[in-house]
Amino acid sequence: MAARSSGKYYLLVIFFGLILTLQLATATDPECEKWFSKSGIRPGSIDCIVKCTSASVGMDVFHCPSQCNDLCKTALPRYALDQLTYPKGLTEADKNLISKFPKDALKVFESKFVAERAVARFFGDNWRNDESDAFRHFTWAALITEALGAEKARLFLNAHEQVPNQATSEKEMDQSNNDSGIKAAEILRGEGKLTQEEIEKSALKALREKRLKVLSPRGNTPEWSKY
Amino acid sequence: MKWNIPVIFFGTVILSGVLFATDNRYIRSEFLSSKRASEKWGNVSFDVKKWKAGDEKIRAAMAANLIEGKKIIGKSIALAQDELGHPDGYFFSELIPAYRIENRKAGERKDSWQVVLIAGKNGKTVEEIKIHKSCCYSEEEYGLKQKER
């Protein structure tokens, strides 16, 4: 029960954080954001600009006091984003997209939850490089396509694949299955039956017909069922 | 942007709740302490070579010691992956290396567990090692209702 509540809280706060980002984000130098963050000055405080303009600077950030006006307004969103979203699992490209399209990012995040839940329902577990991995990527991609369209789905999904140290073969597997999910969603949309149920059925069918890329097959693809 | 009291109040309440939730439980997550891991799988001294070559059972026996010994803490994620081998688990994102230590087989009614390496704020070095229950949670524990469509 506690976990259920925490999940709801989590989504609410992310939404809150994303709205903040949407309302406040403007372009400032990332180095200056770091400098400002380290200075300990509280953005939005009455004396923020005074403290910011008189804070000590090094050669690398000597230009930052000229951005104090923006920093006092905008340091919060990035700070909030880092605190409120789960930054440890996000790529830099993910974070940039969240800043740019916060409302869409919430849909992407929600779709990820739905896809992972579906994996747990059919495979029991989310693993890597096996059928559950392929199913997760296919379903997530299709759900994002349903919510945001193919173009934006590709934008978010490609950003999430910018993982340093990830093996090329794994990246190819993920991208291939993402692509299959997007295409399947487009076909289902054309047929007027783009629903979560049809997406799941389509993913399982594609797995059974070996149309999804699986690097380490476990050899089990379950039948679709509601629970 | 104009702030008002209700926004600040509710924002603070929600923020506090979520920060607490994410800090302690992450999302839909249950973790095992090293003490309980010792009781469950034993406490064999962590050995990089044995870990890398070992199966789930061997890794499970070293999991508690891996946490307590802190040998991987502070190392870069890339180096940690070199030492521990290619991750075969999944925790939230491919950015977070995860290693299976107990996997339920089809038809079995037991939980699955994995060791996860949590990066620090810089995203590059290992800050924490946790033992995460990857399966199975009840519907309620997912924290998100089935999306009605």
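That block above? That's the structure.
All figures in this text were calculated on a predicted structure; none of them were measured in a lab. (Residues numbered from 1 in each chain as written. Chains lettered and ligands numbered in written order. Predicted model: local features only at pLDDT ≥ 70, side-chain atom pairs only at ≥ 80, totals over all residues. Heavy atoms only, no water.)

Asks: How would you sum up the state of the cysteines? Please name residues and give values.
Replies: Residue and element names in this part refer to chain A. Going through the model one piece at a time under the given rule, you end up with one disulfide over all chains. Between the sulfur of C32 and that of C64 lies a disulfide, 2.0 Å long from S to S. Residues C32 and C64 share a disulfide whose torsion about the S-S bond is about -85 degrees; that sign makes it left-handed. One end of the pair, C32, is in helix α2 (residues 30-39); the other, C64, is in the loop between α3 (48-54) and α4 (68-84), and 32 residues separate them in sequence. With respect to burial, C32 and C64 carry one shared label: buried. (Disulfide = S-S within 2.5 Å. Helix = DSSP H or I, 4+ residues; strand = E, 2+ residues; numbered from the N terminus. Buried < 20%, exposed > 50% of the residue type's maximum accessible area, 1.4 Å probe, protein only.)

Asks: Would you mind going over the sheet that holds strand β1 (residues 31-32) of chain B in detail, with residue names and values included?
Replies: Adjacent strands of a sheet pair through backbone hydrogen bonds, lying either parallel or antiparallel. Residue and element names in this part refer to chain B. Spatially, β1-β4-β3-β2 is the arrangement adopted by the four strands of the open sheet, whose pairing is antiparallel. Both edges of this open sheet fall to β1 and β2 (98-102), since each of them pairs with a single strand only. Bridge count for β2 against strand β3 (residues 112-119) is four bridges, and the pairing is antiparallel. From the neighbouring strand, A98 faces β3, where its bridge partner is V116. (Pairing = 2+ DSSP bridges.)

Asks: Account for the environment of F122 of chain A, with residues named and values stated.
Replies: Residues and elements named next belong to chain A. Along the chain, the position of F122 falls in helix α6 (residues 102-123). In this structure, the C-alpha to C-alpha distance between F122 and P222, residues 100 residues apart in sequence, is 6.3 Å. Dropping the residues within four chain positions of it, F122 is found in contact with F135, E200, L204, P222, E223, W224 and S225. (Contact = heavy atoms within 4.5 Å.)

Asks: Which residues make up the packing of aromatic side chains, and what values go with them?
Replies: A full pass over the atoms with the stated rule returns nine aromatic pairs over all chains. On the numbers, 6.2 Å between centres and 75 degrees between planes, the contact of W41 of chain B with W113 of chain B is edge-to-face. Highlighted residues: W41 of chain B in helix α2 (residues 34-41) and W113 of chain B in strand β3, separated in sequence by 72 residues. Classification of W41 of chain B as buried rests on a relative accessible area of 15%. For the cation-ring pair, R100 of chain B lies above W127 of chain A, with the distance from its terminal atom to the ring centre recorded as 4.3 Å. Its guanidinium or amino end placed over the ring of F31 of chain B, K130 of chain B lies 4.5 Å from that ring's centre, counting from NZ or CZ. (Phe/Tyr/Trp six-rings, centres within 6.5 Å; stacked < 30°, edge-to-face > 60°. Lys NZ or Arg CZ within 6 Å of the ring centre and 35° of its normal.)

Asks: Describe helix α5 (residues 92-100) of chain A, naming the residues involved and giving the relevant values.
Replies: Residues and elements named next belong to chain A. Buried within α5 are the following residues: D94, K95, L97 and I98. With its buried residues spanning 165 degrees around the axis, α5 presents them on a single face. Set apart from the buried face of α5 by more than 90 degrees, the exposed residues are E92 and K100. (Arc of directions from axis to C-beta.)

Asks: Can you lay out unusual backbone geometry for me, pointing to particular residues and giving the numbers?
Replies: Backbone geometry follows two general trends: most residues other than glycine have a negative phi, and most peptide bonds adopt the trans configuration. Although it is not a glycine, N129 of chain A sits at a positive phi angle of roughly 70 degrees. Within the secondary structure layout, N129 of chain A lies in the loop between α6 and α7 (131-148). Taking relative accessible area as the criterion, N129 of chain A reaches 7% and is therefore assigned buried. The backbone phi angle of F92 of chain B is positive, close to 70 degrees, even though this residue is not glycine. Among the structural elements, F92 of chain B can be located in the loop between α5 (77-84) and β2.

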